[in-house]
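A structural walkthrough
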Amino acid sequence: MRNDLIRFIFDKAKKNKNIILLTGDLGYSLFDEFAQKLPNQFFNIGISEQNMIAVATGLAKEKKKVFVYSIGNFPSLRCLEFIRNNLCYHNLDVTIISCGSGYEYGQLGFSHHATEVLSVIRSIPNISIFNPATLKELKQIKRKIFLNQPKFLMVNKNYIKENINFHTFPIKKKINGKILICTTGSILEEAMKASVLLNKKNIKTEIISFPFIKPLIFNIDFINSLKKFNYIFSLEENNISGGFGELFLNLINKNNLKINFEIIGIKDEFIKIVGDKNYLRKKARIDSKSIISYIEKKIKN
Amino acid sequence: MYKLFKNDSINNFAKNLRILTLKMIYHGRASHIASIFSCIEIISVLYFNHMNFSKKNYQRDTRDKFILSKGHAGAAVYAALALLKIIPIKKLDTYYKNGSVFSGHVSHYKVPGIEYSTGSLGSGIGIACGVALASKLDKKKSKIFTLVGDGELNEGSCWEALLFANHHKLNNLTIIIDRNYYQSILTTEKTLKLNPLKQKIKSFGLDVFEVDGNDTKQLKDCLKKKTTTTKVIIANTIKGKGVSFMQNNIKWHYKNPDREEYNLALKELIN
């Protein structure tokens, strides 16, 4: 996914000298061709995320279309106020590419667990947030990354394979069923695994994936379609505080929907032991088995 | 209300800036007057004299660009733009007041002539680097200026940006440091030692000059010097410069003058 995105930006940059790509000294070998063929459009800023956002601000103010690359918490939490004051207040055309959402870089330790980024960035005005999981979702987003405004794009190295049918928001056709899982980003794969097992148990589960987190506009048809489900679960690889689930909860409250709703996400605590993505998802109880147990427990009650 | 000197010399421009900002600070019940007074000559030389920036061309892409990194001196820039007739002088009356666009820290929103909004210290040099890099890539003739407080240099982001400025040899960028030796609570040297500042910055590879930052002639001459990389001017200034009881007195970083203090200050500035 990540490589395709950079290739896409490179292809566009070849035709538009105003496209500039900055990295905070991450992405080994990822930018070799870009740097070699377009040396005036690629800059490794060094390990200085605040300065990277500041330089991006200045470039964008001079009508450059800037992409900024780094991983997880670095182009987000580390330089948060620079994003708020410089990119967002001035509403500039800068796309922050944050590689490695949630526990993607799990074994590297707590510093690399990007488990609050979505909540934190979501609270800043003017910035759009994209969190694609699949090849198709990235394609949808490619159309939007040339909008003239700040954007935050969460990507991972690999795509999630579409093993089963699911819907991508905004959805066009009508859906109904007993259980609905609304999810965002690569945790989609756990929802799909859970859905396969639940369907085997005759618990029909629908999934909607949300590659666009902000702005998120729910039309009346979608809101009505939610009413048809007995249970709705939101799923995210992010801290529950301020995350995707709470965004959904707002929607339910605002529209006075009488829906049995539960948020599945990371609890408000750090995981201090080592583990890869799959291991840490289990520890955080956001893996497929945990999802199934949440759902079964809810149905029993 | 706005009885000012004739704007026909740099020194009168500076005098008017002090009078205007004193009025703004007093009527707005605002703070930071001493930080504003220390950099009045710097702002005056840039806007009155040195920069290719005027009512005629301030919207043109070829203009020189100024970024106030020490955003708390915003009143000085608003007042300079009023003296250049880019914004109506009457509008300065709304400074710091409810419903106004003239916030304490400089903001560009609906204020023509303000390039960037700042307020949180440490962002201006990096932004100026981005603007300077873009100008170089586009082979524009614009020159970029940023004014940084000396206390502001506590922020690591300033030093990140200095590394960058040198690495990319941004010789279209001038960084002016308002070296008034005071920050929020104590002197810079008692808070987080900056000296030897010149050597520090020089060691980054930049072209560093030191001038009396309240002397318009020294500033003018220094700004004219050509350099191969980013120019850094350490402008030695006096915090609160222009009003005897405000000079080098840290309380005027925050304090708003009462009626008596205001009248005394105004008297000193007019005479």
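**Thoughts on the overall build of chain B**
When its secondary structure is counted, chain B shows 10 helices and 5 strands. Its C-alpha atoms give chain B a radius of gyration of 17 Å, near enough to 18 Å, the size a compact globule of 271 residues would have. With the principal axes as the frame, chain B shows a C-alpha extent of 50 × 45 × 35 Å. Sequence-distant contacts in chain B: of pairs separated by 6 or more residues, those separated by 24 or more amount to 71%.

**Focus on the packing of aromatic side chains**
Taken as a whole and judged by the stated rule, the model has 29 aromatic pairs over all chains. Judged by centre distance (5.9 Å) and plane angle (15°), the ring pair of phenylalanine 248 of chain A and phenylalanine 261 of chain A falls under stacked. Residue phenylalanine 248 of chain A is located in helix H9 (residues 244-254), and its partner phenylalanine 261 of chain A is located in strand S12 (residues 260-266); the two are separated by 13 residues in the primary sequence. An identical accessibility class is assigned to phenylalanine 248 of chain A and phenylalanine 261 of chain A; each is buried. When the ring of phenylalanine 13 of chain B is compared with that of phenylalanine 48 of chain B, the centres are 5.2 Å apart and the planes differ by 50°; the resulting orientation is tilted. Of this pair, phenylalanine 13 of chain B sits in helix H1 (residues 10-28) while phenylalanine 48 of chain B sits in helix H3 (residues 40-50), placing them 35 residues apart in sequence. Residue classification places phenylalanine 13 of chain B among the buried positions, given a relative accessible area of 1%. An aromatic cluster of at least three residues, connected via ring pairs, comprises Phe169, Phe210, Phe218, Phe222, Phe244, Phe248 and Phe261 of chain A. Cation over ring: lysine 12 of chain A sits above phenylalanine 146 of chain A, and NZ or CZ is 5.8 Å from the ring centre.

**Here's the deal with the interface of chain A and chain B**
In many reports, interface size means the accessible area that the parts give up when they come together. Across the contact, 24 residues belong to chain A and 27 residues belong to chain B. Of the roughly 1900 Å² buried between chain A and chain B on both sides combined, carbon and sulfur atoms contribute 59%. For the pair chain A and chain B, the number of links is 3 salt bridges. Ionic pairing is found between lysine 65 of chain B and glutamate 62 of chain A, a salt bridge with its closest N-O pair at 2.8 Å. Looking at the side of chain A that touches chain B, the elements that each hand over two or more residues are helix H3 (49-61) and helix H4 (80-88) of chain A. Among the elements that take part in the side of chain A that touches chain B, H3 of chain A stands out by supplying 9 residues, more than any other. Of the residues that constitute the side of chain A that touches chain B, the class distribution is 8 nonpolar, 10 polar and 6 charged.

**Topic: the packing of H1 of chain B against helix H10 (residues 259-270) of chain B**
Residues and elements named next belong to chain B. For the pair H1 and H10, interaxial distance at closest approach is 10 Å and the crossing angle is 175°. In terms of their interaxial angle, H1 and H10 are classed as roughly antiparallel. Here H1 contributes Arg18, Ile19, Leu22, Lys23, Tyr26 and His27 to the contact with H10, which in turn contributes Arg259, Tyr262, Ala265, Leu266, Leu269 and Ile270. When the residues that make up the contact of H1 with H10 are grouped by side-chain class, the tally is 8 nonpolar, 1 polar and 3 charged.

**Notes on the pattern of salt bridges**
Taken as a whole, this structure holds 30 salt bridges over all chains when the rule is applied. Residue arginine 7 of chain A pairs with aspartate 11 of chain A through a salt bridge whose shortest N-O separation is 3.6 Å. On the criterion of helical spacing, the pair formed by arginine 7 of chain A and aspartate 11 of chain A is a turn pair, its members being 4 residues apart in helix H1 (residues 2-15). On the basis of relative accessibility, which here comes to 27%, the residue aspartate 11 of chain A falls in the partly exposed class. Residue aspartate 138 of chain B is joined to lysine 64 of chain A by a salt bridge in which the shortest nitrogen-to-oxygen separation is 2.6 Å. Of the two residues, aspartate 138 of chain B is situated in the loop between helix H5 (124-137) and strand S2 (144-149) and lysine 64 of chain A in the loop between H3 and strand S3 (65-71); the pairing between them involves two chains. Ionic contacts of the salt-bridge type, sharing partners, join the residues Glu104, Glu189, Glu190, Lys193, Glu237, Lys277 and Arg281 of chain A into one network.

**Remarks on the domain arrangement of chain A**
All names here are of chain A. Assigned domains of chain A: these are domain 1 (2-155) and domain 2 (167-300). Averaged C-alpha coordinates put domain 1 and domain 2 at centres separated by 26 Å. Contact with domain 1, which involves 29 residues of that partner, is made by 31 residues of domain 2. Contact between domain 1 and domain 2 buries roughly 2400 Å² in total, counting both sides, with carbon and sulfur atoms accounting for 55%. Considering only the side of domain 1, the residues that lose the most area to domain 2 are Tyr103, Arg122 and Asn131, jointly responsible for 29% of the buried surface there. For the interface between domain 1 and domain 2, the tally reads 1 salt bridge. Linking domain 1 with domain 2 are 16 residue pairs in polar contact (both at pLDDT 80 or more). Elements that contribute at least two residues to the side of domain 1 that touches domain 2 include exactly helix H5 (117-122), strand S5 (128-130) and helix H6 (135-142). Of the residues forming the side of domain 1 that touches domain 2, the biggest block, 4 residues, is contributed by H5. By residue class, the composition of the side of domain 1 that touches domain 2 is 13 nonpolar, 11 polar and 5 charged.

**Some words on empty space enclosed by the protein**
The full count for this structure, using the stated rule, is 4 cavities of 30 Å³ or more. Every residue lining the largest cavity is counted, 13 residues in all, and those nearest its centre are Ser101, Asn131, Met154, Thr184 and Glu237 of chain A. At 3 residues, the largest contribution of residues to the lining of the largest cavity is made by strand S11 (residues 231-239) of chain A. Counted by class, the lining of the largest cavity contains 4 nonpolar, 7 polar and 2 charged residues. Residue contributions to the lining of the largest cavity reach at least three from each of two domains, namely domain 1 (2-155) and domain 2 (167-300) of chain A. By volume, the second largest cavity is sized at about 50 Å³. With 3 residues, the single largest contributor to the lining of the second largest cavity is strand S1 (residues 65-68) of chain B. Looking at the lining of the second largest cavity residue by residue, the class counts come to 8 nonpolar, 1 polar and 1 charged.

What counts as what
- Residues numbered from 1 in each chain as written.
- Chains lettered and ligands numbered in written order.
- Predicted model: local features only at pLDDT ≥ 70, side-chain atom pairs only at ≥ 80, totals over all residues.
- Heavy atoms only, no water.
- Helix = DSSP H or I, 4+ residues; strand = E, 2+ residues; numbered from the N terminus.
- Rg over C-alpha atoms; globule rule 2.2 N^0.38 Å.
- Contact = heavy atoms within 4.5 Å.
- Phe/Tyr/Trp six-rings, centres within 6.5 Å; stacked < 30°, edge-to-face > 60°.
- Buried < 20%, exposed > 50% of the residue type's maximum accessible area, 1.4 Å probe, protein only.
- Lys NZ or Arg CZ within 6 Å of the ring centre and 35° of its normal.
- Buried area = accessible area lost by both parts, 1.4 Å probe.
- Salt bridge = Lys/Arg side-chain N within 4 Å of Asp/Glu carboxyl O.
- Nonpolar A, V, L, I, M, F, W, Y, C, P; charged D, E, K, R; others polar.
- Axes fitted to C-alpha atoms, helices over the stretch in contact; angles between N-to-C directions.
- Parallel < 35°, antiparallel > 145°, perpendicular 65-115°, else oblique.
- Domains from an automatic or database assignment.
- Polar contact = N/O pair within 3.5 Å; in protein donor to acceptor, adjacent residues only side chain to side chain.
- 1 Å grid on protein atoms, 1.4 Å probe; cavity = no way out; pocket = protein on both sides within 12 Å on 5 of 7 lines; lining within 4 Å.
- Points joined across faces, edges and corners; volume = space filled by probe spheres on them.

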